[in-house]
Amino acid sequence: MPATTAETIVNMADRLFGAIERGDFAAVGRMWSGDIAVWRVGARRDNDKARALRVIDWFITATTDRRYEILDRQLFGAGFVQQHILHATGHAGQSISMRVCIVIRVGEDGLIARIDEYFDPAEIAPLLD
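- Named according to an unreviewed UniProt entry, the chain is DUF4440 domain-containing protein originating from Mycobacterium saskatchewanense.

Right under this line is the structure:
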């Protein structure tokens, strides 16, 4: 059975966002392939795994709680497109509700191979204070 069945993709999506909500940095890293490419709006190039994981680590460390409000998720051959609102609270009580569109491709090995993330960078600014 190929790793990119609809069930595998939905399971991967649920596990990924659940791990970030729980602050389980290690679990996120285990779901990503070694040669993952991660792009976010405004970036001039893709990030490799180490650099992208530093962003996840910063986000988990900068926030006390995180919650994904999934608005829509559509599957395609080897991945999914999801629209969600990311709700998070920082250590000083500042909060964000950031609307995001994310495209994730799952490789044949069942690991996440590529992420493209679209959001307004200004919406994360309260966490940078």
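Still more ground to cover, so stick around.
## Considering the sheet that holds strand β3 (residues 79-90)
Step number 1: As summarised here, the arrangement of the five strands in space is β1-β5-β4-β3-β2, forming an open sheet in which the pairing is mixed. Where the open sheet ends on each side, the last strands, each with one partner, are β1 (32-40) and β2 (63-76). Strand-to-strand, the axes of this sheet are offset by a mean angle of 25°, without reference to chain direction.
Step number 2: Packed onto the sheet, helix α1 (residues 6-22) meets β1, β2, β3, β4 (95-106) and β5 (112-119) and runs at close to 165° relative to β2.

## Points about the nonpolar core
Step number 1: The biggest cluster of nonpolar side chains holds 33 residues, and the ones touching the most others in it are Leu16, Phe17, Val28, Trp32, Ile104, Ile112 and Ile115.
Step number 2: Only α1, α2 (25-31), β1, α3 (49-62), β3, β4 and β5 provide two or more residues apiece to this core.
Step number 3: If you tally residues by element for this core, the top one is α1, at seven residues.
Step number 4: Those residues in contact with Ile104 that sit more than four places away from it in its chain are Leu16, Phe17, Phe76, Ala78, Gly79, Phe80, Ile112, Arg114 and Ile115.

## Brief notes about the layout of surface pockets
Take a probe with the size of a water molecule and roll it over the atoms, and the empty space left behind shows itself.
Step number 1: There is about 550 Å³ of room inside the largest pocket.
Step number 2: For the largest pocket, the lining is made up of 25 residues, of which Arg40, Val55, Ile56, Glu117 and Phe119 are closest to its centre.
Step number 3: At the level of elements, α1, β1, α3, β3, β4 and β5 are the ones that each hand at least two residues to the lining of the largest pocket.
Step number 4: Per-element tally for the lining of the largest pocket: the top contributor is α3, with five residues.

## Describing the side chain of His84
Step number 1: Topologically, His84 is positioned in strand β3.
Step number 2: Contact partners of His84, with chain neighbours within four places excluded, come to Phe17, Tyr68, Glu69, Ile70, Leu71, Met98, Arg99, Val100 and Ile102.

## Section: the environment of Ile20
Step number 1: With respect to the element layout, Ile20 can be found in helix α1.
Step number 2: Owing to a relative accessible area of 6%, Ile20 belongs among the buried residues under this scheme.
Step number 3: The sequence separation of Ile20 and Ala50 amounts to 30 residues, and the corresponding C-alpha distance is 16 Å.
Step number 4: Residues within four places of Ile20 in sequence aside, it is in contact with Val28, Ile56, Phe59, Ile60, Arg66 and Tyr68.

## Brief notes about the packing of aromatic side chains
Step number 1: Enumeration according to the criterion identifies four aromatic pairs in this entry.
Step number 2: Centroid distance Trp58 to Phe59: 6.4 Å. Interplanar angle 45°. Geometry classified as tilted.
Step number 3: Accessibility expressed as a relative area gives 34% for Trp58, which makes it partly exposed.
Step number 4: Phe59 gets classed as buried once you look at its relative accessible area, which sits at 8%.
Step number 5: Counting every residue linked through ring pairs, the aromatic cluster contains Phe17, Tyr68 and Phe80.
Step number 6: Here Arg73 stacks its cationic end above the ring of Phe80, 5.5 Å away from the centre of that ring.

Cut-offs and rules
Counting restarts for each chain, with residues numbered from 1 along the sequence as it is written. Reporting in this predicted model follows two pLDDT cut-offs: at least 70 for local features of residues, and 80 or more for side-chain atom pairs to be given and counted; totals over whole chains, interfaces and linings ignore these cut-offs and use all residues. As a rule here, side-chain values cover all heavy atoms of the structure and leave hydrogens and water aside. Any two strands with at least two DSSP bridges between them are considered paired. Secondary structure counts use DSSP, requiring at least four H or I residues in a row for a helix and at least two E residues in a row for a strand, with both numbered from the N terminus. Lines are fitted to the C-alpha atoms to define the axes, a helix being fitted only along its stretch in contact, and any angle between axes, read from their N-to-C directions, falls within 0 to 180 degrees. Contact definition: two residues touch when any of their heavy atoms are within 4.5 Å. Throughout this description, the term nonpolar core refers to a set of buried Ala, Val, Leu, Ile, Met, Phe, Trp, Tyr and Cys residues connected via side-chain atoms within 4.5 Å. We call a residue buried when its accessible area falls under 20% of the maximum for its residue type, exposed when it is over 50%, and partly exposed in between, using a 1.4 Å probe and counting protein chains only. Two kinds of site are reported from a 1 Å grid over the protein atoms alone, namely cavities, where a 1.4 Å probe fits but cannot get out, and pockets, open sets with protein on both sides within 12 Å along at least five of seven lines, and residues are called lining when an atom falls within 4 Å of a point. Grid points are joined across faces, edges and corners, and a volume is the space filled by probe spheres set on the points. Any pair of Phe, Tyr and Trp rings, taking the six-membered ring for Trp, is counted once the centres come within 6.5 Å. Such a pair is stacked with planes under 30 degrees apart, edge-to-face with planes over 60 apart, and tilted for the rest. When the NZ atom of lysine or the CZ atom of arginine is within 6 Å of a ring's centre and also within 35 degrees of its normal, the charge is said to sit over that ring.

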